[in-house]
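Coordinate inspection notes
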Amino acid sequence: MSDPNPGYVRRLRLWDAALIVIGGIIGGGIFLNPYIVAQRTGSSATLLLMWVGAGVLTLIGALCYAELGARRPQAGGSYVYLREAFGPLAGFLFGWTMLLVIYSGSSAAVATIFASYAAAVFGLPASATLPLTVGALVFVAGINLFGLRLGVQVQNLFTVLKLLAVAVLVACGLFLAGAGGGHVLAPDPARAHVGFMGAALPVLFAYSGFTYLNNLAGEVREPQRTLPRALVLGMLGVISAYALVNVAYLAVLGHAGLAASTTPAAEVMQRVFGPIGARLIALGIAISTLGFCNITLVAGARVLQVMGEDGLFFRSVGRLHPRYRTPNVALLLLSGWAILLAVSGSYGQLLDYATFGDWLACAVGVATLFWYRRHRDDTVSFRVPGYPWLPLLFIATVALVVAQSLHDSPRNTGIGLLIIAAGAPVYFVWRRLFSRDQP
């Protein structure tokens, strides 16, 4: 099969691709936010069911994206699928929201988390947080300007180190600090009547990022074979890590203690090793968040590059560096916007408005499978098992979560929808002012 985007060089092997899946999902959320899920569930068993159930749902989405990636093994991911299935406006709205809020806001937010933990590790004052945030974004952008090989090597190191931090945390929770496993699945009387739907959004947010590899499909070796394997292997690794970390939290803190702890990972490590343990896990969280920023910016830059190539963004953004074959202009643009959000401090509010947008885009991306099966039913190396029921289950579940978000937080969710919709007039103005031969 001819390379649909000869500008990129296919260097990513199965190992590299699987680590990108893991690194793109595991950021700082599993270390910091399980207390929110504990506050919104009535028992430890329900909490674990939420984490495993959301992981299975994400695995279904990953299987759908594995088929999409096998069908269209080129850079751009969801943007390409939406453009082909539903037209250039749908693709543009995805790219618009990705640039304005989802990828840039996520990078700014997680870089700030990196800065706060790095400052804690090295005993720096609070005033160092902003320079560290900007420095982190500049660093991850800089290492990817000179070819994918260096960026992948650094990313692999980040992911291995974050998995090591997860392993140390689990070992400490289960074998060193656990007060016995009898209360791991116990109910929490204080929250006996709490529903669990409110916990869905923070759990799903922790699983966001499984689509990033598809954005880099143009640089994956033997993509029809490698993409499905990497997505499945990566997702199984993430589900296992998330389940074990939550069991470790519950073994040490119990459900009530987890609900009361805003920094459960640090508390578990401190009980084992004292202040040194808290500093050690802070270092692990800093590395984990830095790796997440790296993947987010690299994956987002590929989307912008394809949009520029299609004429739906600036022509210069669609160019690759002649030597390194990297979308450097797109990378600098996305990184610069993320830095601007971090400096302005507005990223947190934007992120609140559109945290559901990523999953909404995933659901619409999965919906393109039905179009491909009907209109482009080519022979592909991988097909989603259980079609059409598994894709329908994924779409219906995400729709339910979005509806719940609209009910619980109509203002933030509504503004998020408005941000997406605001891209429509921008698209039509762009087409009028800069039209050329476009898809």
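Structural notes, computed from the coordinates. (Residues numbered from 1 in each chain as written. Predicted model: local features only at pLDDT ≥ 70, side-chain atom pairs only at ≥ 80, totals over all residues. Heavy atoms only, no water.)

1. Side note on the overall build of the protein
Note the threshold: Numbering of helices and strands starts at the N terminus; helices are DSSP runs of H or I of at least 4 residues and strands are runs of E of at least 2. With C-alpha atoms as the basis for the radius of gyration, the globule rule is written as 2.2 Å multiplied by the number of residues raised to the power 0.38. Working rule for contacts: check all heavy atoms of both residues, and any pair within 4.5 Å makes them a contact. Methods summary: accessible areas were calculated by the Shrake-Rupley approach with a probe of 1.4 Å, and residue burial reflects only the protein chains presented. Neither His nor the chain termini are counted; the positive set is Lys and Arg, and the negative set is Asp and Glu. Throughout, a charge is located at the NZ atom of Lys, the CZ atom of Arg, the CG atom of Asp or the CD atom of Glu.
When helices and strands are counted, the protein shows 18 helices and zero strands. Relative to the compact-globule value of 22 Å for 439 residues, the protein shows a C-alpha radius of gyration of 21 Å, a close match. Reported as C-alpha extents along the three principal axes, the dimensions of the protein are approximately 65 × 45 × 40 Å. Within the protein, counting contacts between residues at least 6 apart in sequence, those at least 24 apart form 82% of the total. Working note: accessible area of the protein is about 17200 Å², and carbon and sulfur atoms make up 67% of it. Across the protein, the centroid of the 28 positively charged side chains sits 5 Å from that of the 16 negatively charged ones.

2. Regarding the nonpolar core
Heads up, the rule is: To define a nonpolar core, start from buried Ala, Val, Leu, Ile, Met, Phe, Trp, Tyr and Cys residues and group those joined through side-chain atoms within 4.5 Å. Partly exposed residues are those whose accessible area sits between 20% and 50% of the maximum for their type, while under 20% is buried and over 50% is exposed, using a 1.4 Å probe and protein chains only.
Phe-31, Tyr-207 and Phe-394 are the most contacted members of the largest nonpolar core, which has 133 residues in total. Looking at this core, the element that brings in the most residues is helix 13 (residues 275–310), giving 17 residues. Each residue touching Phe-31, except ones within four places of it in the same chain, is listed here: Val-166, Leu-169, Tyr-249, Pro-264, Ala-265, Ile-281, Ile-285 and Ser-288.

3. Remarks on the packing of aromatic side chains
Stated formally: The rule is short: rings of Phe, Tyr and Trp, with Trp giving its six-membered ring, pair when the centres are within 6.5 Å, and they are stacked under 30 degrees, edge-to-face over 60, tilted in between. A ring is scored as having a charge over it whenever the NZ atom of a lysine or the CZ atom of an arginine sits within 6 Å of its centre and within 35 degrees of its normal.
Counted according to the given criterion, the structure contains 19 aromatic pairs. When the centroid spacing of 5.1 Å and the interplanar angle of 80 degrees are considered together, the rings of Trp-371 and Tyr-372 count as edge-to-face. Classification of Trp-371 as buried rests on a relative accessible area of 18%. Judged by relative accessible area, which is 1%, Tyr-372 ranks as buried. Here the aromatic cluster, defined as three or more aromatic residues joined through ring pairs, consists of Tyr-65, Tyr-81, Phe-210, Trp-359 and Phe-394. The ring of Tyr-387 has Arg-373 lying over it, and the distance from NZ or CZ to the ring centre is 3.9 Å.

4. A word on unusual backbone geometry
Most peptide bonds adopt trans geometry, and most residues besides glycine take a negative phi value. With an omega of 5 degrees, the peptide bond running from Tyr-387 to Pro-388 counts as cis. Inspection of the secondary structure puts Pro-388 in the loop between helix 15 (347–375) and helix 16 (389–408). A positive phi is found at Glu-222, a non-glycine position, where the angle reads about 40 degrees. By secondary structure assignment, the location of Glu-222 is in the loop between helix 10 (212–215) and helix 11 (223–260). Overall, the relative accessible area of 55% leaves Glu-222 in the exposed class. We note that Arg-325 has phi near 55 degrees; this positive angle belongs to a residue other than glycine. With respect to the element layout, Arg-325 can be found in the loop between helix 13 and helix 14 (328–344).

5. Topic: the side chain of Gln-155
Structurally, Gln-155 can be placed in helix 8 (residues 148–176). Here Gln-155 is in contact with Gly-23, Gly-291, Asn-294 and Ile-295, once residues within four sequence places are set aside.

6. A few points about the pattern of salt bridges
What counts here: When a carboxyl oxygen of Asp or Glu lies within 4 Å of a side-chain nitrogen of Lys or Arg, that pair is called a salt bridge.
A complete count under the given rule lists eight salt bridges for this structure. Asp-310 is the partner of Arg-83 in a salt bridge, and the nearest nitrogen-oxygen pair spans 2.4 Å. Taken as a pair, Arg-83 in helix 5 (residues 78–86) and Asp-310 in helix 13 lie far apart in primary sequence, 227 residues in all. Of the residues examined, Asp-310 reaches a relative accessible area of 13% and is grouped as buried. Ionic contacts of the salt-bridge type, sharing partners, join the residues Arg-72, Arg-83, Glu-84 and Asp-310 into one network.

7. Considering a nonpolar patch on the surface
The test is simple: Here a patch means residues that are over 30% exposed by relative accessible area and free of salt bridges, tied together within 9 Å if like-charged and within 5 Å if nonpolar (Val, Leu, Ile, Met, Phe, Trp, Tyr).
On the surface, Leu-174, Phe-175, Leu-176, Leu-244, Phe-273 and Ile-276 cluster together into a nonpolar patch covering about 660 Å² of accessible area. It is helix 8 that contributes the most residues to the nonpolar patch, three residues altogether. You can see Leu-174 is positioned in helix 8. Judged by relative accessible area, Leu-174 falls into the partly exposed class, the value being 32%.

8. Overview of helix 1 (residues 14–25)
Along an α-helix, residues three or four positions apart point the same way, because every turn accommodates 3.6 residues. The criterion, for reference: Take the residue count of a helix, subtract one, and multiply by 1.5 Å to get its expected span.
Its 12 residues give helix 1 an end-to-end C-alpha distance of 17 Å, which sits within 8% of 16 Å, the value for a rise of 1.5 Å per residue. The element helix 1 is largely enclosed, with a buried count of 10 among its 12 residues. For helix 1, the set of buried residues is Asp-16, Ala-17, Ala-18, Leu-19, Ile-20, Val-21, Ile-22, Gly-23, Gly-24 and Ile-25. Turning to helix 1, the residues buried within the fold contact helix 8, helix 9 (200–206), helix 10, helix 11 and helix 13.

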